[in-house]
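# Structure assessment
As a plain string of letters, each chain reads:
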Amino acid sequence: MQFVHTIAAAAATNSTWAPQTLAQRAADSAPHSLWLTAGYFLLAVVGVAALLSFLGMALIYIERKIAAHFQCRLGPTRVGPFGLFQTLADTLKLVFKEDFVPPKADRSLHMLAPFLALLVPVVLLALIPYSPNVQVADLNIGILFITAIGGFGVMGILIAGWSSNNKWSMIGAMRAGAQIISYELSATLALLVVVLFSGTMSLTGIVLSQQDGWWIWRGHAAGFVAFLIYVVASTAELNRTPFDIPEGESELTAGFHTEYSGLRFAFFFLAEFINMFTVSALTATLFLGGWMPFHVGDWAGFNAAMDTIPPGIWFLTKTSMVIFVIMWFRWTFPRLRVDQLMHLEWKVLLPLGFANLFVAAVVVLTELYPYPLAK
Amino acid sequence: MIHAIKVAQEERLFAGKSVSVAVITRGRPPGYLRVAFSAVAGLLRGLWLTLGYFWSPEAIVTRQYPENRATLQLTERFRGNLRFKFPNEKAQEDHAAFIEQLAHETQTHAHVAADLVREENETRWYHNCTGCGKCQEACPNASIKVFTRQGEILEDREVDRFVWRLDSCMFCNACVQACPWDAIEMTGGFENAVYDRRLLVYNLNRLAGPRINYIEEEENPEVRKRMVERRDRYGGQVPLNGFALPNLPPVPMPADSDSRAVDTDAQARLT
């Protein structure tokens, strides 16, 4: 397709961005020094683990603060300056709590489920391009991989609900299964629009394709509608309010994690927050240009000024904005009923997603862009 | 989504009589797009509202309790501990000024100076209570017990000890509403933590005696003095009366109890 070649050419001609992943570096260094390869491997593992724990702490603190201010409260203020150590204290508390397994539960599955739930966000963390040089691995089938792995996340929840031998857990898990599998469709359709636009499934490739404008507005309305669909569908996949019926405190106590306590409960909790980060990061990467600075057409001075801000900061800013919006949703909207949830997906979002995909395909085939790529 | 509803007044014939009736007509239910639009508009309105809360610091209602103790303002309708109203305000103010001066002269804290005062001006404890027992009847938890006595001077019923059980009180305010004499109020404090629950049962009145207006009708200060008798916080015919239980060690008295026993301690602290 002509369009794809244009993008590839644009990416190739720009010498500023030469993204290099840790996996690439490791592969390059393998012929010279195996120790260096092992070092890169270790760096990737340690980096993802550190990011995981830091994000867990930071996001929970931020969520509590933001929630408080949305509700005219102050949030944690006592533990440490501005309550910064509150999450640390809570984590310590969770570590020392009893790890309770119900007597009639399926013990091995009950122990396994939290790890399965946490596995998905950890794998996704390794794929996200944080900055041109900060990315563990860039798969050429990135989007496909993310969709496949994202669908795997529901396994942890289903196993948790099944193995707890508790009706609340079971209902919560079944609801989660129905919800996540349903909304996966819309999310994937929205992702396909971006794949169609950029002509690549690699995340770095998608970021590079947004050099002359982010897909949220470069793709006419189709990009924007895809963005909206993706935000709504991924919020539903995250099991967050207004789509938190799998937990549904008022009806199911805590849903699928009713029978979990201590560190295993913390894993579910952590998985939810890391999932929120990965979804926000993916939204930023796919629709908001990832680490790409904000450029406006021919304004060379403005573009140069924007280029002085490091790409990592751009990525962080965009991701935090999406995270804020998701938290904003949570503390504003009431919870949907189960039938409303299914109605929204199957009768609203899915047809809209298909129509949007069609429009996007027409846009791509006719190359009807508001402004063309820089040659 | 509310359907458009029109209400009209019409005259209609019922059994040969013209009757004015309200005719309600329902409009066409709104279409799909209209519902969707109004739903999205509602969601955006909600987002805008919460963003306003998020953005404006003056929207925060949280109070930093232990830090703001000195300036803590409770609302008018806050229900704290039950307490007697002491309507002789002048005597109260005089006493506070006296304690302050004493503290200044002896270079001590006010609460230490207050402990030192042996001859208190009893007139500041005059109360509105007649001992009618309406509050006791009104109390759903039986948390109030009013002991009355036959007064020596007026030869009429008057309050002896007004016992309130904080441990079983549910702060329903029924006693305050039942009181015909405006003698009690639920505006006392709320910092009630003690190490022994027996301390949660105590007398509210500081004087056994008639209502304040009967005392003030009497001209002779000597007779006035004989009309009332000192009562302290813990003591008297109280169920679980504060500290005297068989088989249990006596309760250490808190400093703000009016027991005379603390006086020596206070002096020891001074020297």
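Residues numbered from 1 in each chain as written. Chains lettered and ligands numbered in written order. Predicted model: local features only at pLDDT ≥ 70, side-chain atom pairs only at ≥ 80, totals over all residues.

## Notes on helix 10 (residues 220-237) of chain A
Residues and elements named next belong to chain A.
- With 18 residues, helix 10 should reach 26 Å at 1.5 Å per residue; the first-to-last C-alpha distance of 26 Å fits that figure.
- Here helix 10 lies mainly inside the structure; 14 of its 18 residues are buried.
- One or two steps after helix 10, the chain reaches Asn239, where phi turns positive at roughly 60°. (Helix = DSSP H or I, 4+ residues; strand = E, 2+ residues; numbered from the N terminus. Expected span 1.5 Å × (residues − 1). Buried ≥ 20, exposed ≤ 12 C-beta atoms within 10 Å, placed from the backbone.)

## Looking at the nonpolar core
- Among the nonpolar cores identified, the biggest contains 87 residues, and A:Ala117, A:Ala190, A:Val194, A:Ala226, A:Tyr230 and A:Ala233 are the most heavily contacted of them.
- Counting only elements with at least two residues in this core, the list comes to helix 5 (107-125), helix 6 (142-163), helix 7 (167-198), helix 8 (203-208), helix 10, helix 12 (262-287), helix 14 (311-330) and helix 15 (338-366) of chain A.
- Look past the residues within four positions of A:Ala190 in its chain and what remains in contact with it is A:Ala226, A:Ile229, A:Tyr230, A:Ala233 and A:Gly353.
- One finds B:Phe84, B:Val159, B:Ile184 and B:Tyr234 within the second-largest nonpolar core, a separate group that totals 25 residues. (Core = buried A, V, L, I, M, F, W, Y, C linked by C-beta atoms within 7 Å. Contact = placed C-beta atoms within 7 Å.)

## Remarks on the pairing of strand 4 (residues 144-150) of chain B
Residues and elements named next belong to chain B.
- Looking at chain direction, strand 4 and strand 5 (residues 157-165) are connected through seven bridges and run antiparallel. Within the sheet, the bridge partner assigned to Arg149 lies in strand 5 and is Glu158.
- From the end of strand 4 to the start of strand 5, which pair antiparallel, there are six residues, and Glu155 there has a positive phi angle of about 50°. (Pairing = 2+ DSSP bridges.)

## Quick notes on the environment of A:Ala266
Residue and element names in this part refer to chain A.
- You can see Ala266 is positioned in helix 12.
- Considering only alpha carbons, one finds Ala266 and Thr91, 175 residues apart in sequence, at a separation of 7.8 Å.
- Setting aside its immediate chain neighbours within four residues, Ala266 contacts Thr91 and Leu94.

## What to know about the interface of chain A and chain B
- On the side of chain B, ten residues touch chain A, which itself brings nine residues to the contact.
- Residues that form the side of chain A that touches chain B fall into these classes: six nonpolar, two polar and one charged. (Nonpolar A, V, L, I, M, F, W, Y, C, P; charged D, E, K, R; others polar.)

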